[in-house]
Structure formats: C-alpha cells, structure tokens
Amino acid sequence: MDLFLSMLSPNIEKAVSTYYADFLTQSPLVYPYQITILNMERIKGYRSFEFTVTIEVTPVVGPHIAVGKDQLTFYISPGKVNLEQFKHIETYKLPPKWQDIIKKRGNGINNNIY
C-alpha cells in the first residue's frame, strides 16, 4: 500500500492544489500518512488491470495545520491515472496566524469555504 500511495501522490497533490487554489494563497500538502483508502476495486474482475480507488485526505499548510477533509476517486489503468471525482467534505478553521492565506472575495469576506 505504501508503494501504491507513493506512486499516486503526484496526482493527489495536483487535485488538492487545484481545488484549494480558489480559496487559499498557499497550496496545501498531503502527506502519505494523512491518506486513508476507503475503497479499492478491480473493475473487470480477476487479472484485469483497471481499478477505481477512493481515498480520504487531510491537506495541511505550514506546521501540519489541517485545512479540510476531501474525498478523491481515481480511475487507474496501465499508464493512466484519472481523477474521477473530488468531493470536499469538511473545512477546518485556520488559526489566527494563518488567516492571511485565505483569499478574500467581494466585500472582503470569502463567501466560499472559509
């Protein structure tokens, strides 16, 4: 599993970075120990090489300050990894010293997730 998650890490980082770019000025990181595999399925049965995997991640900024919880589903086949679904589950409030990375919208209040 560690090898599998290590190989999937660039795709996880890209998906998380893309999502949070609308809300934060700093891109969160996802460490391998903050990934939980929720479901892994071989699509066409025994000896096929197509899979779907659903994971839950906890992205962090700075000294491991969690910004939220997200669920990602990937389709994996030889030479391909496609993000099928990105679902933001929960937003965590940032401490006062980290409020400056929240992107402000409209009248100065971020009307999105923060």
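All values derive from a computational prediction rather than experimental measurement.

A look at the layout of surface pockets
Summary: where empty space remains is shown by rolling a probe the size of a single water molecule over the atoms. Roughly 180 Å³ of volume is contained in the largest pocket. Lining the largest pocket are Phe 4, Met 7, Leu 8, Ile 76, Ser 77, Gly 79, Lys 80 and Val 81. Every element with two or more residues in the lining of the largest pocket is listed here: helix H1 (2–20), strand E5 (68–77) and strand E6 (80–91). For the lining of the largest pocket, the element with the most residues is H1, which contributes 3 residues. Of the residues that constitute the lining of the largest pocket, the class distribution is 5 nonpolar, 2 polar and 1 charged.

Details of the nonpolar core
The biggest cluster of nonpolar side chains holds 23 residues, and the ones touching the most others in it are Ile 12, Leu 24, Ile 55, Val 57, Phe 74 and Leu 94. Those elements giving two or more residues to this core turn out to be H1, strand E2 (51–57) and E5. Broken down by element, the residue count for this core peaks at 6 residues, all from H1. When neighbours within four sequence positions are excluded, Phe 74 is seen to be in contact with Leu 8, Asn 11, Ile 12, Phe 51, Thr 52, Val 53, Ile 55, Val 81, Asn 82, Leu 83 and Glu 84.

Remarks on the confidence of the model for the chain
Looking at the chain as a whole, the pLDDT averages 90, with 91% of positions reaching at least 70. Per-element confidence in the chain ranges from a low mean pLDDT of 93 for H1 to a high of 98 for strand E3 (residues 60–61). When the criterion is pLDDT under 50, residues 106–111 qualifies, and its contacts beyond four places in sequence or with other chains add up to 5 contacts.

A closer look at H1
Spanning 19 residues, H1 covers 25 Å between terminal C-alpha atoms, matching the ideal 27 Å at 1.5 Å per step. Its axis deflected by about 45° at Leu 8, H1 carries its strongest bend there, up to four residues before the proline Pro 10. Within H1, burial applies to Leu 5, Leu 8, Ser 9, Ile 12, Ala 15, Val 16 and Tyr 20.

A short note on the pattern of salt bridges
In this structure the tally under the stated criterion is 1 salt bridge. The partner of Glu 50 in a salt bridge is Lys 44, and the shortest N-O contact between them spans 3.1 Å. Note on Lys 44: relative accessible area 60%, which makes it exposed.

What counts, and where the lines are drawn
Residues numbered from 1 in each chain as written. Predicted model: local features only at pLDDT ≥ 70, side-chain atom pairs only at ≥ 80, totals over all residues. Heavy atoms only, no water. 1 Å grid on protein atoms, 1.4 Å probe; cavity = no way out; pocket = protein on both sides within 12 Å on 5 of 7 lines; lining within 4 Å. Points joined across faces, edges and corners; volume = space filled by probe spheres on them. Helix = DSSP H or I, 4+ residues; strand = E, 2+ residues; numbered from the N terminus. Nonpolar A, V, L, I, M, F, W, Y, C, P; charged D, E, K, R; others polar. Core = buried A, V, L, I, M, F, W, Y, C linked by side-chain atoms within 4.5 Å. Buried < 20%, exposed > 50% of the residue type's maximum accessible area, 1.4 Å probe, protein only. Contact = heavy atoms within 4.5 Å. pLDDT = per-residue confidence, 0-100. Expected span 1.5 Å × (residues − 1). Bend = angle between axes of the 7 residues up to and from the residue. Salt bridge = Lys/Arg side-chain N within 4 Å of Asp/Glu carboxyl O.

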